[in-house]
Amino acid sequence: GNSVTQMEGPVTLSEEAFLTINCTYTATGYPSLFWYVQYPGEGLQLLLKATKADDKGSNKGFEATYRKETTSFHLEKGSVQVSDSAVYFCALIGSGNTGKLIFGQGTTLQVKP
Amino acid sequence: GAGVSQSPSNKVTEKGKDVELRCDPISGHTALYWYRQSLGQGLEFLIYFQGNSAPDKSGLPSDRFSAERTGGSVSTLTIQRTQQEDSAVYLCASSPGRHGYTFGSGTRLTVV
């Protein structure tokens, strides 16, 4: 079945550091890929998405590129801020199913001033 | 409404009692999903409604869990005879199609 694997956290960085959160997936066909973010005390919010191979999703300085050859969708940001501290979830919707989101385990990011 | 509304936001119940959690999706969204977020367990799919089709119940963990969606809008997740392992945040999401999920803020359920 479809699945998503994320790097384990927590990831602790200093402000202005470069961020990478790894995400790989297993799915048949061409799934759509997503990154969701959950800030402390808040609900899940869509951060970015990519719906086909080689697409790059971007938002708020974050980027992720859909790599079919490596089945990956790594999240990157060039310079993190304290306000980026949150839990980040990688997710997919399989190409043939009902639209059900399959989530990774989540990665906690802590950014220190 | 403007977003997905869930109630109550917090619920504390005694072990063995039944609870009902409510979700008001965004008006016009045909798809509605329930997920559970447990500490250390990530996000677990529970059930999915799409229009008038039979719901996908494949994620419900036991027969103590059930859900219904009335009139293609409001949904209620019911947990019977609650157990301590049911303690979690229950999230509802709605979508107009295969993409574009909007999540509610969740109901934090604590079984004591």
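Everything below is about the structure shown above.
In every chain, residue numbers begin from 1 and rise along the written sequence. Labels follow written order: the first chain is A, the first ligand is 1, and so on. Given that this is a predicted model, residues contribute local features only at a pLDDT of at least 70 and side-chain atom pairs are listed and counted only at 80 or more, while totals for whole chains, interfaces and linings are drawn from all residues. Side-chain descriptors were evaluated using all non-hydrogen atoms of the structure, hydrogens and water having been removed beforehand.

Residues and elements named next belong to chain A. Residue burial is assigned from relative accessible area. The probe radius is 1.4 Å, only protein chains are included, and a residue is buried under 20% of its type maximum, exposed over 50%, and partly exposed in between. The helix count covers DSSP runs of H or I at least four residues long, the strand count covers runs of E at least two residues long, and both are numbered beginning at the N terminus. Residue alternation in strand E1 (residues 3-6) divides its side chains into a buried set, Val4 and Gln6, and an unburied set, Ser3 and Thr5. The pairing of E1 with strand E4 (residues 23-26) spans four bridges and is classified as antiparallel. Bridge assignment links Thr5 to a residue of E4, and that residue is Thr24. By the convention used here, strands pair only if DSSP detects at least 2 bridges between them.

All names here are of chain A. We call a pair of cysteine sulfur atoms a disulfide when they lie within 2.5 Å. Per the stated rule, a full pass over the model turns up two disulfides over all chains. Bridging Cys23 to Cys90, the disulfide has an S-S length of 2.0 Å. Note on the Cys23 and Cys90 pair: the S-S dihedral is about -70 degrees, so by sign convention the disulfide is left-handed. Of this pair, Cys23 sits in strand E4 while Cys90 sits in strand E10 (residues 86-93), and the two are 67 residues apart along the sequence. With respect to class, Cys23 is no different from Cys90; both count as buried.

With that out of the way, let us pick up the nonpolar core. Residue and element names in this part refer to chain A. Take the buried residues of types Ala, Val, Leu, Ile, Met, Phe, Trp, Tyr and Cys, join any two whose side-chain atoms come within 4.5 Å, and each joined set is a nonpolar core. Leu19, Trp35, Leu47, Leu48, Phe73, Leu75 and Tyr88 are the most contacted members of the largest nonpolar core, which totals 27 residues. Where this core is concerned, the elements lending two or more residues are strand E2 (11-14), strand E3 (19-21), E4, strand E5 (32-38), strand E6 (44-50), strand E8 (62-65), E10 and strand E12 (107-112). What makes two residues a contact is simply this: any of their non-hydrogen atoms within 4.5 Å. Sequence-distant contacts of Phe73, defined by excluding residues within four places in its chain, comprise Cys23, Leu33, Phe34, Trp35, Leu48, Lys49, Ala50, Ala64, Thr65, Tyr66 and Cys90.

Keep in mind these values describe shape, not function.
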